[in-house]
Amino acid sequence: MNKLKAYTGRDQLHGMLKFLRGKLSNAFTKTNRLVLVRHGESEFNLKNLFCGWHDTPLSEDGLEQSRSIAAAKLIEAKLDFDKVYCSALVRSRQSADVILAEMKCSFLQVVLDWRLNERHYGNLTGANKRQVANVYGEDQVQAWRRSYDEAPPPIEPSNNYYYEILNNLAFKDIPVGQFPFSESVGQCVDRVQPTWEQINAEILGGKRVLIVAHGTVARALVKHIEGLSNDEILKVNVPNCVPIVYEFNLKTGQLIGDSKFLGDAKYIEEMKQKVAMIGD
């Protein structure tokens, strides 16, 4: 055990020295990068259940995706960070923890922000997507999932996850009147905006930021970052653990070029199609 701790400490020291060198180098650059990662597969993803604000952990595959896809691609691209943002949900933090451990930079500041929580799926929380489609039809389910303004029915006390969500201590700092009971994509976009404005200011101030978030929140951030219309964002799909890299001009604040997905193009396209489907 002592030997393991020694190796871990040595790795973290190496990571700290690399971090400081990166900070010095970054001080003289005219551009900065932001990386956005959707967390790994959760237990509810695995079972094809609506998850939202239920605090499910990552599946074994989700932990492995965080290591062998997200962390591996970030290391391969030689990307370093000064600060990490996660949601208040454990699956987001789990992915971030694995990524930082693999990158030997677990010492980085990690901010947990409830505004980066996944979209609240209301009374659909805990339901199997295919079974809901069999009852209400695929068009209605896709409207709840993908339309901009239509929210699912609000979560009710009879829902198995109602009290678990309401009493989650991770949400204790949410202001009165801002705790959602269901959200549309558009409401999620609005919720994320204040946090994005804060992160954007840090990026333009020179901080290298990693965001580890959720599917709809990642899409909301893409909308803010790329200035997409309400219709355009509905066509965006973000696969689990595939890093998306953005580069900004520090003088103008403008994006430089298009976003870049790190990974195999064929795999990424297959995963995007899978995300868009209702599943089995």
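Residues numbered from 1 in each chain as written. Predicted model: local features only at pLDDT ≥ 70, side-chain atom pairs only at ≥ 80, totals over all residues. Heavy atoms only, no water.

## A look at the state of the cysteines
Under the criterion given, the structure shown has zero disulfides. C86 supplies the cysteine sulfur nearest to C105, a cysteine that is in no disulfide, at a spacing of 12 Å. The closest cysteine sulfur to the non-disulfide-bonded C188 is located on C51, 13 Å from its own sulfur. (Disulfide = S-S within 2.5 Å.)

## Structural notes on the pairing of strand β5 (residues 244-249)
In the sheet, strand β1 (residues 31-38) pairs with β5 via six bridges, with the strands oriented antiparallel. Bridge pairing in β5 links L36 to I244. The pairing of β5 with strand β6 (residues 260-261) spans two bridges and is classified as antiparallel. Looking at the pairing, V245 lines up with K260 of β6. (Pairing = 2+ DSSP bridges. Helix = DSSP H or I, 4+ residues; strand = E, 2+ residues; numbered from the N terminus.)

## A few points about the nonpolar core
Core analysis: the largest hydrophobic core is formed by 29 residues, its most contacted members being L34, W196, I211 and L221. Counting residues per element, the ones that place at least two in this core are β1, α8 (185-204), β4 (209-213), α9 (215-226) and β5. With seven residues, α8 is the single largest residue contributor to this core. Sequence-distant contacts of W196, that is, excluding residues within four places in its chain, are made with L34, I203, L221, H224, I225 and F248. Formed by 23 residues, the second largest nonpolar core is a distinct cluster that contains A71, A96, C105 and V212. (Core = buried A, V, L, I, M, F, W, Y, C linked by side-chain atoms within 4.5 Å. Buried < 20%, exposed > 50% of the residue type's maximum accessible area, 1.4 Å probe, protein only. Contact = heavy atoms within 4.5 Å.)

## Digging into the packing of helix α5 (residues 129-136) against helix α6 (residues 138-146)
With their axes 7 Å apart at the nearest point, α5 and α6 run at an angle of 125° to one another. Classed by the angle they form, the pair α5 and α6 counts as oblique. Contacts between α5 and α6 involve K129, R130, V132, A133 and Y136 from the former and E138, Q140, V141, W144 and R145 from the latter. Across the contact of α5 with α6, the residue classes tally to five nonpolar, one polar and four charged. (Axes fitted to C-alpha atoms, helices over the stretch in contact; angles between N-to-C directions. Parallel < 35°, antiparallel > 145°, perpendicular 65-115°, else oblique. Nonpolar A, V, L, I, M, F, W, Y, C, P; charged D, E, K, R; others polar.)

## Describing the packing of α8 against α9
Closest axis-to-axis distance for the α8/α9 pair is 9 Å, and the angle between their directions is 65°. As the angle between them shows, α8 and α9 are arranged roughly perpendicular. Remark: the crossing between α8 and α9 carries right-handed chirality. Counted together, V185, C188, V189, V192, Q193 and W196 of α8 and T216, V217, R219, A220, L221, K223, H224 and I225 of α9 form the full contact between these two elements. Residue composition of the contact of α8 with α9, by class: nine nonpolar, three polar and two charged. (Left-handed = near helix turned anticlockwise from the far one by under 90°.)

## Considering the environment of I75
Within the element layout of this structure, I75 appears in helix α3 (residues 60-76). Overall, the relative accessible area of 39% leaves I75 in the partly exposed class. Sequence separation of I75 and E102 is 27 residues, and the distance between their C-alpha atoms is 8.5 Å.

## Thoughts on the side chain of S184
Its location among the elements puts S184 in the loop between α7 (162-166) and α8. Beyond its immediate sequence surroundings of up to four residues, S184 is in contact with R119, Y148, D149, E150 and A151.

## Some remarks on unusual backbone geometry
With phi around 60°, N48 is a residue other than glycine that occupies positive phi space. Mapping N48 onto the fold places it in the loop between α2 (43-46) and α3. You will see that K104, though not glycine, has its phi angle at about 60°, which is positive. Residue placement: K104 occurs in the loop between α4 (90-102) and β3 (109-112). A residue is classified by how much of its surface remains accessible, and K104, at 29% relative accessible area, is partly exposed.

## Notes on the packing of aromatic side chains
Applying the stated rule across the entire model yields eleven aromatic pairs. Look at Y162 and Y163: their rings are 4.8 Å apart centre to centre, the planes differ by 80°, and that puts the pair in the edge-to-face class. Overall, Y163 belongs to the partly exposed group, its relative accessible area being 48%. Arranged with centres 5.9 Å apart and planes meeting at 45°, the rings of F179 and F181 form a pair that is tilted. Among the aromatic residues, those joined into a cluster by ring pairs are W53, W114, Y162, Y163, F171, F179 and F181. In this structure, K129 is placed above the aromatic ring of F50, and the distance from its NZ or CZ to the ring centre is 5.6 Å. The cationic tip of K272 hangs over the ring face of F261; the distance from NZ or CZ to the ring centre is 4.2 Å. (Phe/Tyr/Trp six-rings, centres within 6.5 Å; stacked < 30°, edge-to-face > 60°. Lys NZ or Arg CZ within 6 Å of the ring centre and 35° of its normal.)

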